[in-house]
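Fold and geometry: a report
One letter stands for each residue in the lines below.
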Amino acid sequence: MDCVYKNPNEGVEDRIQYLLQRMTAEEKIGQMTQIHRAVSSAAVIKDFFIGSVCNSAGKSGNKDVLSDDWAEMIDGFQTAALETRLAIPIICGLDAVHGNNKFYGTTIFPHNIGLGATREYDLARRIGSATALEVRASGAHWVFAPCVAVCKDPRWGRCLESYSEDTDVVCNMTSIVSGLQGPPPEGHPAGYPFLAGRNNVVACAKHFVGDGGTEMGKNEWDTIASYEDLERIHMAPYLNCLAQGVSAGCLVSDWSGIDKMGEPRGSNYRECVEAAINAGIDMVMVPYKYEKFINELTSLVKDGKILMSRIDDAVERILRMKFTAGLFEHPFSDRSLLKFVSCKIAREAVRKSLVLLKNGKDSDKPFLPLDQKTKRVLVAGTHADDLGFQCGGWSKTWQGQSGRITIGTTVLDAVKAIVGAETKVVYKKTPSEETLSNKDFSYAIVAVGEAPYAESRGDDPEPSINFDGGEVVRLVAEKIPTAAILMTGRPVVLDMTMLEKVEALVAAWLPGTEGDGIADVVFGDYDFTGKLPMSWFRETEQLSMNPEADSYDPLFPLGFGLK
C-alpha cells in the first residue's frame, strides 16, 4: 500500500502518473497491444507485457462455450500479467452485442434494431445490467458495445446493430451504457470514465462517428456529409455515452484494422502502424501478429517517427480505463456471478420489440390476436423452428448459424406452449400441396426471414426474405388464413402479392432466444407496442430515405406500428 499506484485510496490521476513514470518503453507498448486469446499464453503475456486480450465471436460453432471455462482461461492470463515487474492487470474484451452472445446458456436479447422498436430506454438500461452480470460471470471486463451508429441505409450489413435511423432514438437507447457500467453519481464529470463495481463492465461506444451513413450502406466505406450533419446526426449519440462516463475512453482499432490501410491493403505495415498511432489510436486490436506490431512500433519510437509523448498519451488513457474498472483491486473473475446466467428480461424485450404492420384484410375485422383454443394450427417457414436463424449474426459465432445453437424457445415451441391442450399443432417447414389442401386448419403462422450474417457479409444491395420465404407465405396464405412473422435485421423488400394475401404481418426483427415473447403478443396476452425504428421502403431505388424530404413515400413510415 506504500506504492501509490497500488493504493486504492489514492486518486486515479495520481496513480496513473506514478505508474506511467516507472514504465519502460517496452511496457508501455505492451499496454497498447491487444491480442487474440488464441495466441495468448503466460509466456507471451509476461514476455511482451501485453495489455489486453480479446475474443472473437468465432467462425466455428461446433463446440458449446461455457462461461465457467472462459473465466478459468481469463484468470490464467491474469495470473501471468500479475507476475510481470509492475503487475499491471490485463483487460479482457469481447463482443457482447446482444447479450453475452457467444456462450452456451446465456441470454441472447433482440438485436439493437428490435430494441430500437421498443423506444423503452429503461428496458435498454436493464438489459445492460443483465448483460454485465453474464459477461462478468465469464471472466471478461470489457464489452465492445453498444453500437451507437445511426443507420441511414438498410443495405448496410450492420443495420441490425443500429437502434434506429432516428438520432433521437439512438441517443435515448444509449441508456444501456448506464446499465452496463452502472449510473454515474450526480455531479460526475462528463467524459470521465466511470464503473460502479464488480458487477459491471466497461462499455465501449462504437464504431466511429459516421459509420451508419456510408454511401449505399457499404460497410467500412465513405460517409459523405456536411460537418453540421455529421455532428447533428452521427456525433450526438457519442456525446450521450460520454455524459454517462463510458469507460473505454481510449481509441481502439477494430479487428486487424491497421492491416487494411494503404493500397494495396497492408502493403507497408510499418507505415500503417505509424499512421494509425499518430492519428490517435491508443490500443491496437492486432490480433495475431503481435510481435510484428510491437517490433514496428518500437522501431518507430526509436527513430523518432512516433514521439514518446504520443505513447504516454495513449497509455495514460488505457491505464485510466483499468484503474476506473477496479482491475488493480479485483483482477480475477467472480464465480458467484455464474448463478445469474440466463434472465427473463429478454422475453419482455421481445414482446415490446414486435411491430404490427398489418392486422386483417379489412381494418374493421382484425385478425389478431389468435385464438388459443382452436382445434388445428399450421406452423410453417424456415424461421419457425430454428433458434440460430431467430438470433441472427453474432450468436455463438461471428456470422451466426442454423439450428439449436443454445438454450431457448422457437416460435414453434412457443405456439405449442401457449395453445390449449386440445389444439393440434402441425409443423411443416415447407408445407406440401397435400398439407395446404387440408380444410381443418383454423389459421397458419408462417415465420420467414433472412439468413444470419454480420458486418460486410451482410451488405446487400437488395435486402429481401431469403430461402423463397415470401413464396412460402404466399402459397400458405392462399389456402389458409395466415399470420406472417418476419425475422430480419432490417426492412426488406416485400412482395405486394404476399402482403395482400396475408391476414397479419409482424416485424419480429431478430428476437434472440425467447420465442415465447412472440406468442405472448400474437395470441393476445399482451398488446403490440413496437414502432418502426426505420422507414420501410417500397423498393431499393428509394434508398436512402429521409422522412423530412418531400419525396418521402415509404411502404410504412418511421414510427409506424398498429395495435
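Residues numbered from 1 in each chain as written. Predicted model: local features only at pLDDT ≥ 70, side-chain atom pairs only at ≥ 80, totals over all residues. Heavy atoms only, no water.

An unreviewed UniProt entry lists the chain under the name Beta-glucosidase, from Brassica campestris.

Description of the overall build of the chain
Each helix and strand in the chain was counted, giving 19 helices and 11 strands. Its C-alpha atoms give the chain a radius of gyration of 25 Å, near enough to 24 Å, the size a compact globule of 563 residues would have. Sequence separation of 24 or more characterises 77% of the internal contacts of the chain that already satisfy a separation of 6 or more. Split by element, the accessible area of the chain, about 22,100 Å² in all, is 49% carbon and sulfur. Of note, the chain has its 59 positive side-chain charges centred 5 Å away from the centre of its 76 negative side-chain charges. (Helix = DSSP H or I, 4+ residues; strand = E, 2+ residues; numbered from the N terminus. Rg over C-alpha atoms; globule rule 2.2 N^0.38 Å. Contact = heavy atoms within 4.5 Å. Areas by Shrake-Rupley, 256 points an atom, 1.4 Å probe, with all protein chains shown as cover. Lys, Arg positive; Asp, Glu negative; His and termini not counted. Charge placed at Lys NZ, Arg CZ, Asp CG, Glu CD.)

Concerning unusual backbone geometry
Look at the link from alanine 145 to proline 146: it is a cis peptide, with omega at 5°. As for its position among the elements, proline 146 is in the loop between strand 4 (142-143) and helix 7 (167-173). A cis amide bond links lysine 206 to the next residue, histidine 207, at an omega of 5°. The residue histidine 207 is located in the loop between helix 8 (176-181) and helix 9 (227-243) in this model. Its identity as a non-glycine residue notwithstanding, phenylalanine 467 has a phi of 60°, on the positive side. With respect to the helices and strands, phenylalanine 467 occurs in the loop between strand 9 (443-449) and helix 17 (469-479). Phenylalanine 467 gets classed as partly exposed once you look at its relative accessible area, which sits at 43%. Phi angles above zero are rare outside glycine, and aspartate 468 is one such case at about 55°. Among the structural elements, aspartate 468 can be located in the loop between strand 9 and helix 17. (Buried < 20%, exposed > 50% of the residue type's maximum accessible area, 1.4 Å probe, protein only.)

Re the pairing of strand 6 (residues 355-359)
The element strand 6 is largely enclosed, with a buried count of 5 among its 5 residues. Sheet analysis places strand 6 next to strand 11 (residues 504-507), joined by 4 bridges and oriented antiparallel. Across the sheet, residue valine 355 finds its bridge partner in strand 11, namely alanine 507. (Pairing = 2+ DSSP bridges.)

Quick look at empty space enclosed by the protein
Under the counting rule described, the total for this entry stands at 8 cavities of 30 Å³ or more. The computed volume of the largest cavity comes to approximately 110 Å³. Around the largest cavity, the lining is made up of 17 residues, and of these Ala96, Val97, His98, Asn112 and Ile176 lie nearest the centre. With 3 residues, the top contributor of residues to the lining of the largest cavity is helix 6 (residues 121-137). Classifying every residue of the lining of the largest cavity gives 12 nonpolar, 5 polar and no charged. Here the second largest cavity defines a volume of roughly 80 Å³. Around the second largest cavity, the lining residues are Met23, Glu27, Gln31, Ile45, Phe49, Ile50, Ala81, Thr84, Arg85, Leu86 and Ile88. Looking at the lining of the second largest cavity residue by residue, the class counts come to 7 nonpolar, 2 polar and 2 charged. (1 Å grid on protein atoms, 1.4 Å probe; cavity = no way out; pocket = protein on both sides within 12 Å on 5 of 7 lines; lining within 4 Å. Points joined across faces, edges and corners; volume = space filled by probe spheres on them. Nonpolar A, V, L, I, M, F, W, Y, C, P; charged D, E, K, R; others polar.)

What about the nonpolar core?
Leu19, Trp142, Phe293, Leu297 and Leu319 are the most contacted members of the largest nonpolar core, which has 54 residues in total. When contributions to this core are tallied by element, the ones reaching two or more residues are helix 1 (12-20), helix 3 (42-48), strand 2 (52-55), helix 4 (67-81), helix 10 (269-279), strand 5 (284-285), helix 11 (290-302) and helix 12 (308-324). The leading source of residues in this core is helix 12, at 7 residues. Among residues more than four places away in sequence, those in contact with tryptophan 142 are Gln34, Ser52, Ile91, Cys92, Gly93, Leu94, Val202, Cys204, Ala248, Val252, Met283 and Met321. (Core = buried A, V, L, I, M, F, W, Y, C linked by side-chain atoms within 4.5 Å.)

A closer look at the domain arrangement of the chain
When cut into domains, the chain gives domain 1 (4-337) and domain 2 (342-556). Look at where the C-alpha atoms of domain 1 and domain 2 centre, and you get two points 34 Å apart. With 53 residues of domain 1 at the interface, the matching set in domain 2 holds 51 residues. Note on domain 1 versus domain 2: buried area summed over both sides is about 4,000 Å², and carbon and sulfur give 57% of it. Of all residues in domain 1, Pro154, Arg155 and Glu165 bury the most surface against domain 2, accounting for 16% of the area lost on that side. (Domains from an automatic or database assignment. Buried area = accessible area lost by both parts, 1.4 Å probe.)

Considering the sheet that holds strand 10 (residues 482-487)
Within a sheet, adjacent strands bond to each other through the backbone by hydrogen bonds, running parallel or antiparallel. With mixed pairing, 6 strands are arranged side by side in an open sheet as 6-11-10-9-7-8. Two strands lie at the open edges of the sheet, namely strand 6 and strand 8 (424-428), each paired on one side alone. Adjacent strand axes in the sheet meet at a mean angle of 15° when their direction is disregarded. As paired strands, strand 10 and strand 11 are joined by 4 bridges and run parallel to one another. Bridging across to strand 11, alanine 484 finds its partner in leucine 505. Relative to strand 8, helix 15 (residues 411-418) is tilted by about 170°, and along the sheet it contacts strand 7 (376-380), strand 8, strand 9 and strand 10. Across the face of the sheet, helix 17 comes into contact with strand 7, strand 9 and strand 10 while running at roughly 170° to strand 9. (Axes fitted to C-alpha atoms, helices over the stretch in contact; angles between N-to-C directions.)

A closer look at helix 10
Side chains three or four residues apart in an α-helix point the same way, a direct result of the helix having 3.6 residues per turn. The set of residues buried in helix 10 consists of Tyr269, Cys272, Val273, Ala276 and Ile277. Down the axis of helix 10, the buried set is contained in an arc of 115°. They therefore lie on one face. Turned more than 90 degrees away from the buried face of helix 10 sit Glu271 and Ala279, all of them exposed. As for helix 10, its buried residues are in contact with strand 5, helix 11 and helix 12. Downstream of helix 10 by a residue or two, glycine 280 has a phi angle that is positive, lying close to 120°. (Arc of directions from axis to C-beta.)

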